[in-house]
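# Per-entry structural report
Single-letter residue listing:
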Amino acid sequence: MRRVLPSLTALQFFESSARHLSFTRAAEELNVTQSAISRQIRALEEYLGRDLFRRVKKRLKLTAAGEAYAAQVRDLLDRAEAATLQVMAYSDAGGMLNVGTLPTFGARWLVPRLGDFKTTWPDIQLNLITQTREFNFSREGIDIAIHFGEDNMPGCVFHRLMGETLIAVCAPKILKENDDLPIARERVRNCTLLQHSTRPRAWQDWLAATGVAVVDELAGPRFEHFHMVIQAAVAGLGLALLPEFLVREELDNGRLVAPFDVSIPNRHAYYVVYPEEKENNFAVRAFRDWIIATCRAESAQSTAA
């Protein structure tokens, strides 16, 4: 069946006009005349049978239909552009690879190791996409991702990379203010607990392991990313519960200390995951094999030490 689609030119002209709320600025951006923009918008409105813009006191505004359509058209054009660039960069032994990763994991663990990957596979161009929510491969154009949680995404292939051990850390100055903190775990009751918004039960689990009860283990400033929690702990804002491997640098240089001898393993793990249909993609396989080998080598080195 023939698709019900307007011209790509009309969609591009509409998206630019909707973003700028100006035919003049859209014309400047697209290097065409204002009358060309007006003609395409008029043709698009006739095709849709809906007004997309209205003028209010000589200012251009989107109608309700125009506003809804603009968001979808923008997403469509973004994905079409990404697909086009990926095909243009494609080669049998290289190409473009979109890698999804958690923000702090990407910044603190993945990026420092990418030089090794680039040396091994110089023809593969990596693009990192970060977010805290679960990745949607088809909608976001992601080829392979680092996932924390369980290996239960339908239609995807999972390979376990590493587990995670959580430890409580704080700035050295908190120890000076609470001299007996390393000795009496009960002093945790007097400390602010820094919260991670995607790990709401973490402090509950840790406190249960220590046998210490607090009035409200969910109280305390809340942060979306581990990076923010780490910075808050370094700044002395309270106790933070963090994956040990993410704060190894701060522990080694003394910006953070681990005052308790309690650590708890997380039942979840880090995985590299990709859609089943990407399993034979050269770049996906190259990145998968590299990151699995890197994690195994570091795990063996840690065990030997």
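Whatever comes next refers back to the structure up there.
Residue numbers run consecutively from 1 along every chain, following the written order of its sequence. Only residues with pLDDT of 70 or above have their local features reported here, since the model is predicted, and side-chain atom pairs are shown and tallied only from 80 upward, although totals for entire chains, interfaces and linings are computed over all residues. The side-chain figures draw on all heavy atoms in the structure; neither hydrogens nor water molecules are used.

We now examine the nonpolar core. Membership of the largest hydrophobic core comes to 26 residues, with the highest contact counts inside it found for Phe 287 and Ile 291. Where this core is concerned, the elements lending two or more residues are strand S3 (95-101), helix H5 (103-120), strand S5 (144-149), strand S6 (156-162), strand S12 (269-275) and helix H11 (282-304). Sorting elements by how many residues they give to this core places H11 first, with 8 residues. When checking whether two residues touch, look at their non-hydrogen atoms; a contact exists if any pair is within 4.5 Å. Look past the residues within four positions of Ile 291 in its chain and what remains in contact with it is Trp 109, Leu 110, Ile 146, Leu 161 and Val 272. Counting 19 residues, the second largest nonpolar core, distinct from the first, contains Ala 10, Leu 44, Leu 52 and Ala 70. In plain words, nonpolar cores are sets of buried Ala, Val, Leu, Ile, Met, Phe, Trp, Tyr and Cys residues tied together by side-chain atoms within 4.5 Å. Whether a residue is buried, partly exposed or exposed follows from its accessible area with a 1.4 Å probe, protein chains only, as a fraction of its type maximum: under 20%, in between, or over 50%, in that order. To qualify as a helix, a DSSP run of H or I must reach at least 4 residues; to qualify as a strand, a run of E must reach at least 2; elements of each kind are numbered from the N terminus.

The span expected for a helix works out to 1.5 Å for each residue beyond the first. An ideal rise of 1.5 Å per residue puts 18 Å on 13 residues; helix H1 (residues 8-20) measures up with 18 Å between its terminal C-alpha atoms. Those residues of H1 not exposed but buried are Ala 10, Leu 11, Phe 13, Phe 14, Glu 15, Ser 16, Ser 17, Ala 18 and His 20. Phi for Leu 21, located one or two positions after H1, is positive at around 50 degrees.

Time to look at unusual backbone geometry. Trans peptide bonds make up most of the peptide bonds, and negative phi angles are found at most residues other than glycine. Even without being glycine, Asn 31 reaches a positive phi, approximately 60 degrees. Within the fold, Asn 31 resides in the loop between helix H2 (23-30) and helix H3 (34-48). A positive phi is found at Lys 58, a non-glycine position, where the angle reads about 65 degrees. Within the fold, Lys 58 resides in the loop between strand S1 (53-56) and strand S2 (59-62).

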